[in-house]
Amino acid sequence: MGIRKGVVGVGLTVISLFTAGCADRNKTQEPQGNQEAGPSEGNEVPPGAPPVPSDDAGTPPTSTPDGDAGTPDEDPGTPPGEGEPPDAGPWPTDAVLDYTRSFGVGRPRSVGLDEGLNFWFLDGNRIGVLRPGDSAPTWTTGVGQARLPFGRDSLAIDSTVICGGEAGRAYVGYRAAEMQRAEGISQRTYIPAPGEANYTPERYAEYQKGDLDAVRLQPDGSVVLEEHIWRTTGASNAGRQIGIHNTNDFHYEEDRSVLNCARVTRGAYRGDLYITTNHGVTRIQGLTYNSHRHPGWYLITTDPEGNQSESLQCPPMYGLGLAPNGDVLVANEQMVGVLIPSAKLEEWDREYTWEGPTPWRFKGFNGVLNDLPSDDFWRAFEQTTSGLYYLGSSKYGVWAMTPKSRSAGNWSKLAGLPTNEILALKATDDGALYLGTNGAGLWRLEPDGVTLNQVQQVSGQRVLQLVYEPTVTPSMLLVLTDQGLTVLRGP
């Protein structure tokens, strides 16, 4: 496979890290001069003599490392703290139901469910809510970051995703332009605060662009802004109402565009929200966030004088999934990772690679498909009840992966699909995997991992999003396509 233009002499070494986060050393920079790939799988600061994890590099915890945190439910069908299985919930139990026709939800760009089983819809600058008992959604326009017209110089270029939170709350993600270099500032994402060298009000205002809104449902079905998310766990950020940015050093505005979101629906951390961005994965509890983690590697560049520098490579992260045991599955354009969350939100960004309170269970790349510097275009990451990991690429199809160490895996491409363009995946409790394609509709991979069938009852050829709600019986799979929303119930 081809390597990104300008990158030569690839040499890969796995490195371990002992640091708190991105702000401790080099930020991601645009390549300059001659380039080569440096150590792979590092996340922040490479040590002097990077060790290479092998098959015996340590066994990851089998569950959440905190003894008092509780273990995610072994029985995924029973919510934590409840002895009885969930009921059917307030929505129709038809095996297949077109909500666009039955409830007039239209063709939104994104859909979510909150803990109260309210449907939330996102369509550009408007947010819709379909409550149990409603015959159609109520739409509200111009909330939060959408209160001004979208544009590169506005609060957002566009809206991206919506995810439900606690009952009556949802989170809305937005896209912003990448940060640009400024005179006197060496790091592209660095923003000086008032009173610091090279401060300008215009650059400081960049903090307010993009990011994430929390919105609230009102008694009449309309929506209001609850808060533009800004509260975080880092002492550096205390009292700074400047949106989502690097938790351990507020100066670094690295997370600006929200690309995906997922709410934890069961287990010890039910209610937590994860979002992926142009840089990494952020964890949110209520209105407080900790940003961020990412699998990454260092690009080594050489200037005309022969001086070498390292720049951290963290491409946009679209792939996001939640494993049956509560692990967080993430995939950017080049690398994939499996994180084991701890009970404490403040520990999310503490990067010690294979150790520490939030270690990587796995971190690597698909060497069968591409070299590390080449994009794999990962768009989805799931784990089925069999334990097998699946990744979907918008260009290279669906790949199954089983780890052979904590940094390398056995990769094989799934055969039988009519297209290699995958936009969404979702594993369900019956052991199946649903595959959303760009142009060939929805498909189902049976628990045997071999049998593929097209789900012909779902209209639309472009599957935009798959959302799974297992807290009701039959469970709900929301399938959003270019033709609208269809809900599948069962098992």
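The preceding data block contains the structure.
Conventions adopted
Residues numbered from 1 in each chain as written. Predicted model: local features only at pLDDT ≥ 70, side-chain atom pairs only at ≥ 80, totals over all residues. Heavy atoms only, no water. Helix = DSSP H or I, 4+ residues; strand = E, 2+ residues; numbered from the N terminus. Contact = heavy atoms within 4.5 Å. Areas by Shrake-Rupley, 256 points an atom, 1.4 Å probe, with all protein chains shown as cover. Buried < 20%, exposed > 50% of the residue type's maximum accessible area, 1.4 Å probe, protein only. Pairing = 2+ DSSP bridges. Axes fitted to C-alpha atoms, helices over the stretch in contact; angles between N-to-C directions. Polar contact = N/O pair within 3.5 Å; in protein donor to acceptor, adjacent residues only side chain to side chain. Phe/Tyr/Trp six-rings, centres within 6.5 Å; stacked < 30°, edge-to-face > 60°. Core = buried A, V, L, I, M, F, W, Y, C linked by side-chain atoms within 4.5 Å.

Engineer: How do you make sense of the overall build of the chain when you look at a structure like this?
Structural biologist: Secondary structure assignment for the chain yields two helices and 33 strands. For the chain, long-range pairs separated by at least 24 residues make up 59% of all intrachain contacts whose partners lie at least 6 apart in sequence. Taken as a whole, the chain presents about 18,500 Å² of accessible surface, with 47% of it coming from carbon and sulfur.

Engineer: Hey, could you run me through unusual backbone geometry in this one?
Structural biologist: Most of the time, phi is negative for any residue but glycine, and the peptide bond is trans. Residue histidine 292 follows serine 291 across a cis peptide bond; omega there is 10 degrees. Within the secondary structure layout, histidine 292 lies in strand S16 (residues 288-293). The omega angle of the peptide bond from glycine 490 to proline 491 is 5 degrees, so this bond is cis rather than trans. By the secondary structure assignment, proline 491 is in the segment after strand S33 (484-489). Positive phi outside glycine occurs at phenylalanine 377, with the angle close to 60 degrees. If you trace the backbone, phenylalanine 377 turns up in the loop between strand S22 (360-364) and strand S23 (378-383). On the basis of relative accessibility, which here comes to 22%, the residue phenylalanine 377 falls in the partly exposed class.

Engineer: Even after reading the chapter, I still don't get the sheet that holds strand S30 (residues 452-454), so can you show me in this structure?
Structural biologist: Hydrogen bonding along the main chain pairs the strands of a sheet, whether they run parallel or antiparallel. The strand order S27-S28-S29-S30 describes an open sheet built from four strands, whose pairing is antiparallel. The open sheet has two free edges, formed respectively by strand S27 (422-427) and S30, since each of these has just one partner strand. Neighbour-to-neighbour, the strand axes of the sheet open up by a mean angle of 25 degrees, direction not taken into account. Where strand S29 (residues 442-445) and S30 come together, three bridges link them in antiparallel fashion. Within the sheet, the bridge partner assigned to arginine 444 lies in S30 and is asparagine 453.

Engineer: Would you mind showing me how to read the side chain of glutamate 227 here?
Structural biologist: Secondary-structure assignment places glutamate 227 in strand S11 (residues 223-228). Here glutamate 227 falls in the buried class, since its relative accessible area comes to 13%. A distance of 3.3 Å separates polar atoms of two side chains, one belonging to glutamate 227 and the other to tryptophan 230. Apart from the residues lying within four places of it in its own chain, the contact partners of glutamate 227 are Asp213, Ala214 and Leu287.

Engineer: I tried to follow the pairing of strand S8 (residues 158-164) on my own but got confused; where do I start?
Structural biologist: Within a regular strand, side chains alternate between the sheet's two faces. With respect to burial, S8 is a largely interior element, six of its seven residues being buried. Looking at chain direction, S8 and strand S9 (residues 169-175) are connected through five bridges and run antiparallel. Pairing of isoleucine 162 across the sheet is with valine 172, part of S9. Connecting the antiparallel pair S8 and S9 is a turn made up of four residues, with glycine 168 showing a positive phi of about 85 degrees.

Engineer: Before we go on, may I ask you to explain the pairing of strand S19 (residues 317-322) in this structure?
Structural biologist: In this sheet, strand S20 (residues 328-332) lies alongside S19 in antiparallel orientation, the contact comprising five bridges. Residue pairing in the sheet places glycine 319 in a bridge with alanine 331 of S20. Between S19 and S20, which pair antiparallel and follow one another directly, the connecting turn spans five residues, one of which, glycine 326, has a positive phi of 100 degrees.

Engineer: Would you take a moment to explain the packing of aromatic side chains for this structure?
Structural biologist: Across all of its chains, the model carries 15 aromatic pairs by this definition. With centroids separated by 6.0 Å and ring planes inclined at 15 degrees, the aromatic side chains of tryptophan 378 and tryptophan 411 adopt a geometry described as stacked. Placement of tryptophan 378 in strand S23 and of tryptophan 411 in strand S26 (residues 409-413) is noted, with a sequence separation of 33 residues between them. As far as the burial class goes, tryptophan 378 and tryptophan 411 line up, both buried. Taken together, a centroid distance of 5.7 Å and an interplanar angle of 55 degrees make the contact between phenylalanine 381 and tyrosine 389 tilted. Ring pairs connect the aromatic residues Trp91, Tyr99, Phe103, Phe119, Phe121 and Trp139, which therefore count as one cluster.

Engineer: Explain the sheet that holds strand S3 (residues 96-98) to me, please; I cannot follow it from the model alone.
Structural biologist: The four strands are arranged S3-S33-S32-S31 in an open sheet whose pairing can be described as antiparallel. At either margin of the open sheet sits one strand with a lone partner, and together these are S3 and strand S31 (463-469). Each adjacent strand pair in this sheet contributes to an overall mean axis angle of 20 degrees, direction not counted.

Engineer: Just to check I follow, could you spell out the nonpolar core for this structure?
Structural biologist: Looking at soluble globular proteins, one finds that nonpolar side chains tend to be buried together. Of all hydrophobic cores here, the largest spans 18 residues; its most connected members are Tyr99, Phe119, Met476, Leu478 and Leu485. For this core, the secondary-structure elements that each account for two or more residues are strand S4 (110-113), strand S5 (119-123), strand S32 (476-481) and S33. The element contributing the most residues to this core is S32, with three residues. Non-local contacts of leucine 478, meaning those with residues more than four positions away in its chain, are made with Val111, Leu113, Phe119, Gln465, Leu466, Val467, Leu485, Thr486 and Val487.

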